[in-house]
Amino acid sequence: MSDEMTGVKPEENTGAEANAKTNNESGSEEVRSRHFIEQIIDQDLAEGKYEKIITRFPPEPNGYLHIGHAKSILLNYGMAEEYGGQFNLRFDDTNPTKEKEEFVNSIVADVEWLGADFRGEVLYASNYFEQMYEAAVKLIKKRKAYVCDLTPEEIREYRGTLTEPGKNSPYRDRSVEENLALFEAMKNGEFPDGAKVLRAKIDMASPNINMRDPIIYRIARMTHHNTGDKWCIYPMYDFAHPIEDAIEGVTHSLCTLEFEDHRPLYNWVVEELEYPHPPKQIEFAKLYLTDVVTGKRYIKKLVEDGVVDGWDDPRLVTLAALRRRGFTPESLKMFMKLVGISKSQSSVEYPMLEYCIREDLKPKAPRLMGVLDPVKLVIDNYPEGQTEEFEIENNPDAASIGQDAGKRKVSFSRELYVERDDFMEEPPKKYFRLFPGNEVRLKGAYFVRCTGCEKDADGKVTVIHGTYDPETRSGSGYEEKEGARKVKGTIHWVNAADAVNAEVRLYENLIDEEKGKLNEDGTLNFNPNSLTVLTDAKLEACMAGAKPETKVQLIRNGYFSVDPKDSTEEHLVLNRIVGLKSSYKPGV
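Residues numbered from 1 in each chain as written. Predicted model: local features only at pLDDT ≥ 70, side-chain atom pairs only at ≥ 80, totals over all residues. Heavy atoms only, no water.

Asker: Outline the packing of aromatic side chains, supporting the account with residue identities and numerical values.
Answerer: Using the criterion set out here, one finds 21 aromatic pairs in the structure. Relative to tryptophan 231, the ring of tyrosine 133 has its centre 6.1 Å away and its plane inclined at 50°; by these criteria the two rings are tilted. In this pair, tyrosine 133 is assigned in helix H4 (residues 129-141) and tryptophan 231 in the loop between strand E8 (215-219) and strand E9 (233-235), connecting sequence segments 98 residues apart. Accessibility assignment for this pair places tyrosine 133 and tryptophan 231 in one class, buried. Geometrically, the ring pair formed by tyrosine 382 and phenylalanine 412 is edge-to-face, given 5.4 Å between the ring centres and 70° between the ring planes. Linking tyrosine 382 in the loop between strand E16 (374-379) and strand E17 (388-393) with phenylalanine 412 in strand E18 (residues 407-412), this pair joins segments that are 30 residues apart in sequence. The burial state of tyrosine 382 is the same as that of phenylalanine 412; both residues are buried. Through a chain of ring-to-ring contacts, three or more aromatic side chains come together here, namely Phe129, Tyr133, Phe183, Tyr217, Trp231, Tyr234 and Phe239. The cationic tip of lysine 167 hangs over the ring face of tyrosine 158; the distance from NZ or CZ to the ring centre is 4.6 Å. Seen from the ring of tyrosine 133, lysine 187 lies directly overhead, with NZ or CZ sitting 5.3 Å from the centre. (Phe/Tyr/Trp six-rings, centres within 6.5 Å; stacked < 30°, edge-to-face > 60°. Helix = DSSP H or I, 4+ residues; strand = E, 2+ residues; numbered from the N terminus. Buried < 20%, exposed > 50% of the residue type's maximum accessible area, 1.4 Å probe, protein only. Lys NZ or Arg CZ within 6 Å of the ring centre and 35° of its normal.)

So this is what it looks like as structure tokens:
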């Protein structure tokens, strides 16, 4: 599989329109437009071509999966699930040069995380190497394959161009007996790497260059992660892939549009090998997402150069990175549903992905108070040593998904932490937070009037002072009383006595496509502000010992997730998944 198995922004499905009735949450019927792949499968089933739908996700284990692969996983699994069929996870491990067990393990974890059920059975193309070898022998016996001695440069020269036909290799007409002997000698390691290849005998004048006697086997002495040193010849992807599909009984091989020109070769292989129920290849559009890096080549270099913190750096859009940052499988499924299935290539704006995670977490994540850039607020007239508790609702939006998130108790005392930008000595107009003489509401607690501040030698504010009105306690009904004071500003806070210290990481896009994705020298144009680390954040006491991947909304600051890699009980680390505000609306 290509490392760019991806898709497009929301648009109308191509092909003839078909509708299906489904039940929505209220139980009433609604009409859903069926995309072109569903229409093809519907027709195949109606014509009795297949008894059971089998799909597959076939990654090459040469890197971590990215968000584009999620589209292929969810599409292939979704089709198998919709038609009561079977979904296979199979590694296309025919090129051991770049393949690692680390990548195998990460891909299995990603597919499981997305919820694509492959029945716990991981399949490998390398398990079919013997059958692939026998398939090549069958083609030789049918005079449909031959051993060629041309060098790689000569093969390219003989292949021709898009406007000129190729010419036959001088080795094209070797006898069946000679080809069988040479191919077996290749398998037995009697020739050096690159000395000979096995080519399919198709048509050197074909307008499709992929059909001009493509290489189907090469000699390469490489240790394979699954088969070790058993083989010194390896099949090429275009030969191996249709065989793998056919062996597994795959009915519909769903892949991205760059394989469209390879489909004639795919069909040629399964037809010449006379599989009784040949699979059908169907192509769909990739997922191009703006302002991100998806190419494995680029990601690999970022990792190797230490620009990012591994394949799971939260600034990347590998599935491991998205999970570490705090994205959920449900948000990715929502995103892919909005993207849709089409044959038209175009780009999806990154804010659409952010919209999906906000929508998913809005009714689920508890809403807590966290101060990212803290400064101390001392309430001078609050009794020293006194502590009280306030009851605050965890998430009022939980009711939208039929749940009651309940309430929590938050402690309050004389010394609190508030955000540094919630105080200004000389505020502009329409600034309603803390400044000398102004009164604000501390969320869920009291009204506090600012009386002044303390500064260090550099003029930086170190302490804000204020007084509170005990009559304004939350829940006292003070604001409903006739003649009661009104305040325009409400700020969040954390009790200094039991605040949890945390490191908070804020992210921006790794690159800015408006300035150009690449520099003149071909390197990526990085955003120097892609990561900001705040080392002295203060959180509510309930965050003490928070488990990895715990997700919360910090009021006014966004949605956050506990980092599963660096966070410990002694040193809490939060990643900001996304901010709270966005101008993006679906369909706009």
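Asker: Can you lay out the sheet that holds strand E26 (residues 531-539) for me, pointing to particular residues and giving the numbers?
Answerer: Read from one edge of the open sheet, seven strands run E14-E27-E28-E29-E25-E26-E15, paired in mixed fashion. The open sheet is flanked by strand E14 (367-368) and strand E15 (370-371), the only strands paired with a single partner. In this sheet, strand E28 (residues 558-562) lies alongside strand E27 (residues 551-554) in antiparallel orientation, the contact comprising four bridges. Directly across from leucine 554, in E28, lies its bridge partner glycine 558. Lying on the sheet, helix H12 (residues 350-361) is in contact with E27, E28 and strand E29 (572-578); it crosses E29 at an angle near 115°. (Pairing = 2+ DSSP bridges. Contact = heavy atoms within 4.5 Å. Axes fitted to C-alpha atoms, helices over the stretch in contact; angles between N-to-C directions.)

Asker: Would you mind going over the packing of H4 against helix H6 (residues 176-187) in detail, with residue names and values included?
Answerer: Contact geometry for H4 and H6: axes closest at 9 Å, N-to-C directions at 160°. Classified by the angle between their axes, H4 and H6 sit roughly antiparallel to one another. The handedness of the crossing between H4 and H6 is right-handed. Note on element contacts: H6 touches H4 through Val176, Asn179, Leu180, Phe183, Glu184 and Lys187, opposite Tyr133, Ala136, Val137, Ile140 and Lys141. A class-by-class count of the residues in the contact of H4 with H6 yields seven nonpolar, one polar and three charged. (Parallel < 35°, antiparallel > 145°, perpendicular 65-115°, else oblique. Left-handed = near helix turned anticlockwise from the far one by under 90°. Nonpolar A, V, L, I, M, F, W, Y, C, P; charged D, E, K, R; others polar.)

Asker: Quick one: what's the story with the pairing of E28, residue by residue and with numbers?
Answerer: Here E28 lies mainly inside the structure; five of its five residues are buried. Where E27 hands over to E28, the hairpin turn is made up of three residues, of which arginine 556 adopts a positive phi near 75°. By the bridge criterion, four bridges tie E28 to E29 in an arrangement that is antiparallel. Residue tyrosine 559 lies in a different strand from E29, and its bridge partner there is valine 578.

Asker: Please provide a residue-by-residue account of the environment of valine 410, values included.
Answerer: Mapped onto the elements of the fold, valine 410 is located in strand E18. Residues valine 410 and aspartate 498, spaced 88 residues apart in sequence, show a C-alpha to C-alpha distance of 9.9 Å. Not counting the four nearest positions on each side in its chain, valine 410 is found in contact with Met369, Glu388, Glu389, Phe390, Ile392, Trp493 and Glu540.

Asker: Summarise unusual backbone geometry; cite the residues concerned and give the values.
Answerer: At glutamate 274, a position not held by glycine, the phi torsion is positive, near 60°. If you check the backbone angles, aspartate 291 has positive phi at about 60° while not being a glycine. Overall, aspartate 291 belongs to the buried group, its relative accessible area being 17%.

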